[in-house]
Amino acid sequence: MKYVDEFRDRETAQALAALIKTEVRPVRTYRLMEFCGGHTHAIFRFGIIDLMPDNLQFVHGPGCPVCVLPAGRIEAAIKLAEENDVILCSYADLMRVPTGKRDSLHKAKARGADIRMIYSPTDALNIARNNPDKQVVFFAIGFETTTPPTAAVLKTASAMQLTNFSVYCNHVQTPPAMAHILSAGDAKIDGILGPSHVSTIIGSHAYADCCKQYQMPLVIAGFEPLDVIQSTLMLVRQINEGRSDVENQYTRLVTASGNTKAQALMDEVFELRPLFEWRGLGQLPDSALRIKLEYGDFDAEKRFDMQEIRSADIKGCICPAVLSGISNPDACVLFGTACTPEEPKGACMVSSEGACAAYYAYGRHR
Amino acid sequence: MCLAVPTRVESLDSAASTAVVELDGIRKEVSTQLLDEIAIGDYVLVHVGFALERIDPEEAEKTLALFSELRAQETEA
């Protein structure tokens, strides 16, 4: 596969890793946060972690939209699906996430609610077109990578005057979460492996203020193993040289300004919510999106008068500490015993890109 | 969630803002609403049925060339 295979070459990986081992200073540690779950998985799946020197640690970040979505938002969606005659469309990742009551979209579907897994927001739009007598709600989640497609279907639905389609918007933004982690300081990190495809949309400029304020080195890194290892080397060099710059390793897909067409589309349809709750990070101001008034007819929260629900996490689950970079998954008493990918108790074990799922799939015996 | 795959554009329907892309023999129709300039033969990054961005072939080559340079540095070291 072009643009995949050449970024997975074993010998190059070993050579780059050997350079990292040569260049790290033995007198200090290097705690690097990979913001995205995609990076966490690359680090374990390709064995990158085994190539690193002992004094270099990867700290796992909150870049997993399924993981940071508070369970109350899922409970609200279940309530919507069960109490109204709607078809609820969701990405597959969300289906098995447990709520505080140990319920899930999957269980609600088993009880008879019309909940359908979709691959693309376009699928939800087509379901609405094919079922004119039913209300169809798209449960939209995701960071800036996934937001423009939602904006695109909202705009299409508006142009088509599709009256039976609406969106339950849960889109969140990367820079505010990063700023929160850096201002809290609990994760004690020395550098950040910056988001790949989020940056494709928002551009490398988006991190400039945050990195300057906290003097934090950041390297935007692709998801392939050589991308991750080269970016790690770039971070080690920044740290050794006392620099805190925003650097871009993923130049084949990330520019300084990002995809401006996608940004314009998001701006047209969405606006910032004053406050939004993140699992693990709490209530963060200006960190999530809601649908603008001009597109208010397509806002499921308004159409169905959806109320905020507070839902506690399952007792013993340390997802919040994992998502903040404070604890590793194997510090959790539930990990690998009460909580497994087959019987998940926390979102980080459910999502294919959650840190707990990565530890379980690739690293639990370490 | 943010995972996306590099695919090759096989055909374009500019009126519908869609393209047929190919990856390892698998073909799929995707939306090109998020991109302005796109041509047959381009490689684009696909996520949830949308082409997010065109892959810059020159920048990809530069990164690969840098890998070669770094490998040379490692051999010297």
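Residues numbered from 1 in each chain as written. Chains lettered and ligands numbered in written order. Predicted model: local features only at pLDDT ≥ 70, side-chain atom pairs only at ≥ 80, totals over all residues.

Novice: Let's hear about the overall build of chain B: which residues, and what values?
Specialist: Across its full length, chain B holds one helix and five strands. Expected size for 77 residues packed as a compact globule is a radius of gyration near 11 Å; at 16 Å, chain B overshoots this value by more than 25%. With respect to the three principal axes, the spread of C-alpha positions in chain B is 55 × 25 × 20 Å. Counting every position in chain B, which comprises 77 residues, the buried fraction comes to 34%. (Helix = DSSP H or I, 4+ residues; strand = E, 2+ residues; numbered from the N terminus. Rg over C-alpha atoms; globule rule 2.2 N^0.38 Å. Buried ≥ 20, exposed ≤ 12 C-beta atoms within 10 Å, placed from the backbone.)

Novice: Kindly report on the interface of chain B and chain A, identifying the contributing residues and their values.
Specialist: Each side of the interface is counted separately: chain B has 33 residues, and chain A has 42 residues. For the side of chain B that touches chain A, the secondary-structure elements that each account for two or more residues are β4 (43-47), β5 (50-54) and α1 (57-76) of chain B. If you tally residues by element for the side of chain B that touches chain A, the top one is α1(B), at 10 residues. Taken together, the residues that form the side of chain B that touches chain A break down as 19 nonpolar, six polar and eight charged. (Contact = placed C-beta atoms within 7 Å. Nonpolar A, V, L, I, M, F, W, Y, C, P; charged D, E, K, R; others polar.)

Novice: Can you explain the pairing of strand β5 (residues 135-142) of chain A? Please cite residues and give values.
Specialist: Residue and element names in this part refer to chain A. Counting buried positions along β5 yields seven of eight residues, so the element is predominantly enclosed. Here five bridges tie strand β3 (residues 86-91) to β5, and the two strands are oriented parallel to one another. From the neighbouring strand, cysteine 89 faces β5, where its bridge partner is phenylalanine 138. One ladder, built from seven bridges, connects β5 with strand β6 (residues 165-171); its direction is parallel. Bridge assignment links alanine 140 to a residue of β6, and that residue is cysteine 169. Taking the sense of rotation as the criterion, the β-α-β connection linking β5, helix α8 (residues 147-159) and β6 turns out right-handed. (Pairing = 2+ DSSP bridges. Right-handed = clockwise from strand over helix to strand, strands pointing away.)

Novice: Explain the sheet that holds β5(A) to me, using residue names and the numbers behind them.
Specialist: All names here are of chain A. With parallel pairing, the four strands of this open sheet are ordered in space as β4-β3-β5-β6. Taken across any chain shown, the strands that pair with only one partner, and hence form the sheet edges, are β4 (115-118) and β6. Taking the axes of each pair of neighbouring strands and ignoring which way they run, one obtains an average angle of 25° across the sheet. Helix α7 (residues 121-130) rests against β3, β4, β5 and β6 of the sheet, and its axis sits at about 170° to β5. Strand contacts of α8: β5 and β6, with the helix running at about 160° to β6, the strand carrying the most contacts. (Axes fitted to C-alpha atoms, helices over the stretch in contact; angles between N-to-C directions.)

So yeah, pure geometry; function would need other evidence.
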